[in-house]
Structures are given as structure tokens and as C-alpha cells.
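# Working through the structure, step by step
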Amino acid sequence: MKRYNVAVVGANGAVGTEMIEILEEVGFPVNRLVPLASARSAGKTVEYKGSEIKIQELTENSFKENEVDIALFSAGGSVSAKFAPYAVEAGAVVIDNTSHFRMDDDVPLVVPEVNPEDIALWEKTGIIANPNCSTIQMVQALKPLDDAFDIQRVDVATYQATSGAGKSAMDELVNQMQAFFAFKLEDSEKRAFPHQIALNLIPQIDKFMDNGYTKEELKMVNETSKIMHKKIPLSATCVRVPVLRGHSEDVTVRFSKEVSADEAREVLRKAPNIIIEDDPQNSVYPMPFKATGKDETFVGRIREDIFDKTILHMFVVADNLRVGAATNAVRIAQKWIELREENE
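Residues numbered from 1 in each chain as written. Predicted model: local features only at pLDDT ≥ 70, side-chain atom pairs only at ≥ 80, totals over all residues. Heavy atoms only, no water.

Here we come to the packing of aromatic side chains. Scanning all chains against the criterion turns up seven aromatic pairs. Aromatic pair tryptophan 122 and tryptophan 336: ring centres 5.4 Å apart, planes at 80°, arrangement edge-to-face. Of this pair, tryptophan 122 sits in the loop between β7 (93–96) and β8 (127–129) while tryptophan 336 sits in helix α9 (residues 322–343), placing them 214 residues apart in sequence. We classify tryptophan 122 as buried; its relative accessible area is 16%. Judged by relative accessible area, which is 2%, tryptophan 336 ranks as buried. Centre to centre, the rings of tyrosine 159 and phenylalanine 315 are 6.2 Å apart; their planes meet at 45°, and the pair counts as tilted. With a gap of 156 residues between them, tyrosine 159 in strand β9 (residues 151–160) and phenylalanine 315 in strand β14 (residues 311–318) connect regions that are remote in the sequence. Residue tyrosine 159 is classed as partly exposed on the basis of its relative accessible area, which comes to 30%. (Phe/Tyr/Trp six-rings, centres within 6.5 Å; stacked < 30°, edge-to-face > 60°. Helix = DSSP H or I, 4+ residues; strand = E, 2+ residues; numbered from the N terminus. Buried < 20%, exposed > 50% of the residue type's maximum accessible area, 1.4 Å probe, protein only.)

So, in C-alpha cells, the structure goes:
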């Protein structure tokens, strides 16, 4: 099997760390791992296959000097905007986890379980975009249902973990909880979020736009249609919750015909990387702490609407750092290799 030089940009970040772990877990054909990060992280190490590998400073020449074949980016949109073109110029395919390229018409936006065929479009720019974490897990559940029953509309409320805002946001939750038990919560810092996150819910993720929706909510609207190649009317309300890891979503779906909960369960059971957890009488349903560290999306609380039999409700949970970011990026890379080797 051919082996590839793989760069991870943002190697010591929350998602970059997961990317490296997953590359090892899946036996990805890595010839050489190239961890890249900012100058302040250069010289630190990451662990891969029992070895400590030094992080290199990300520069314009990093990809050419290291003969990188695949570059996994997860270091922020401005970093991708500046350095992804250098990676492409050096001959690498870029799989970008930021929002910078997602809605570019020439850049495929891919969830391998949903639209793997779009990976073939990578050659136009050399870049493949990884969707938003909350979008990925939702479309994994929506795609098989749409194929079977024809979705007409989706309404979703998300309950998103602090890890979606990075390691500093997770630390902020932990620090605030510690301050609470020390009776010093009022004095705790509030940097990652506009309000206290401990023992609270914040119905805002990203900035508000003129139409009253946040950028996060509009990402879900726009990305879903691009990934599924179908203009699906969708409304989202995205909420930050005091959970460290794992996004949850309450999804309401309207179809063009009546659909039973049993029919939906049967379809989803056959869908790739979906696990049904749906025995509410015995308190079995998806929860973030059970999804943490897993590479599957969990679906439960599947039920028919009381008033309209064309509507179903379900609860969808996944590890946002893995399914919603790192795992999806690595799966894209795996599919890219399959496509490349089929064509050689």
C-alpha cells in the first residue's frame, strides 16, 4: 500500500490532537507525520505510535520542505486562508476543518456517509472542506431518511458542548464550576462566552446577523443544502450548554408523506455509522457522555408527531471533536486515497 506524508495544522489543538489519535487508530497509511502549529508551540511534541514527534512552526515552506501529500487543517479560518494555498501549491490535498472555504462554489463540502462522490471535485482548488460539527451529525441522520421518505423541512435545536469553542472554553467551564463550589463564581473569568456558562445555557453561538439568526445557525442552513444537493427549508436554534464534550440535537423533520417511527428506525439502523439508542421505557437514549470518544452518531427518541403524521422527531448526539471534526476529516482523506488509487 502506498504511504503518505500527512501534515496536521494545529497539531496541539483540541481537534488536531484528535486527528492524530484517529490516524493511528484507523491504521492510516502514514509515511511521515508532520505536526505543524504556531511559533509559540514549535518544539513541543505530540505522541504518535509510541513516539514523541516535535511540532514544527507553520510557514509558507512547511508543505514543500516536508513533501506533504495530505494536509489536515484545524487552526482557525485565518490560518487556513493564508496557508492552505501554499499546501496546494506544494502538491498536497487540503482537508480544511474551518468555515473559511465551506461555501466556496468550487470547494466540495463533504460528509463521506452523505456525499462521498463530491470528493472527486477536489482537483479544481486542491481543497476539500469539512462541514460544521453540528451539521455533520445532523446530515448523517437526515440523508438516509431523505432517500427513503423525501424530506420537506427540518427544524433543529442544538445543545452544543463547550469544546466546540476550543480548549480554553472547556477550561472556562471547569474553572467556573470549581469557583462555584468555592463560593467564588461571581469572581470567575468570562472570556470564551458572553455570559457565565457553568450552571447556565446560552442561546447564542457565534455572532448574530441582521435576520436574528447567528452565524452558527446559518451555517447549518446553508451547509445542509450544499451537502445534500437539495434546498431543504431549515431553521436552527443553537444553544451552548455546560457540557465538556458531545453535541446534542433535537431534530424535527417533515416528509412528503406519512412516515412511522418504526419505518424511520429501520432505515437508520442500516445507515453507515449510525447507532440507534431508542428504548425510552428503560431510559435508553443518546447522551453526550456516552458518545464521547466514539466515532458513531447516536439517534433516539424517534417518535411520530401527535398532530401531523408526516412529521417525526428525534434526538441526535455525537462527539463533536471526533464525528463533528477529526473523524470526518480522516474519513475524507481515506476516501480521497481510494479515489486517487482507483484512478492511477
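Take the environment of tryptophan 336 next. Considered as a pair, tryptophan 336 and glycine 13 are 323 residues apart in the sequence and their alpha carbons are 24 Å apart. Non-local contacts of tryptophan 336, meaning those with residues more than four positions away in its chain, are made with Tyr4, Asp69, Ile70, Val93, Ile119, Trp122 and Ile128. (Contact = heavy atoms within 4.5 Å.)

In an α-helix, one full turn covers 3.6 residues, which means residues spaced three or four apart are oriented alike. Here helix α5 (residues 167–181) spans 22 Å end to end across 15 residues, near enough to the 21 Å set by a 1.5 Å rise per residue. Buried within α5 are the following residues: Ala169, Met170, Glu172, Leu173, Gln176 and Ala179. (Expected span 1.5 Å × (residues − 1).)

To continue, consider a nonpolar patch on the surface. On the surface, a nonpolar cluster with roughly 340 Å² of combined accessible area is contributed by Phe180, Phe181 and Leu199. With respect to the helices and strands, the residue phenylalanine 181 is situated in helix α5. (Patch = residues over 30% accessible without salt bridge, like charges linked within 9 Å, V, L, I, M, F, W, Y side chains within 5 Å. Areas by Shrake-Rupley, 256 points an atom, 1.4 Å probe, with all protein chains shown as cover. Salt bridge = Lys/Arg side-chain N within 4 Å of Asp/Glu carboxyl O.)

At a closest axis distance of 9 Å, the pairing of helix α1 (residues 14–25) and α9 adopts a crossing angle of 50°. For the element pair α1 / α9, the angle class is oblique. Handedness of the crossing formed by α1 with α9: right-handed. Residues Val15, Glu18, Met19, Glu21, Ile22, Leu23 and Glu25 of α1 touch α9, and the partners they reach there are Arg322, Ala325, Ala326, Thr327, Ala329 and Val330. Grouping the constituent residues of the contact of α1 with α9 by class yields eight nonpolar, one polar and four charged. (Axes fitted to C-alpha atoms, helices over the stretch in contact; angles between N-to-C directions. Parallel < 35°, antiparallel > 145°, perpendicular 65-115°, else oblique. Left-handed = near helix turned anticlockwise from the far one by under 90°. Nonpolar A, V, L, I, M, F, W, Y, C, P; charged D, E, K, R; others polar.)

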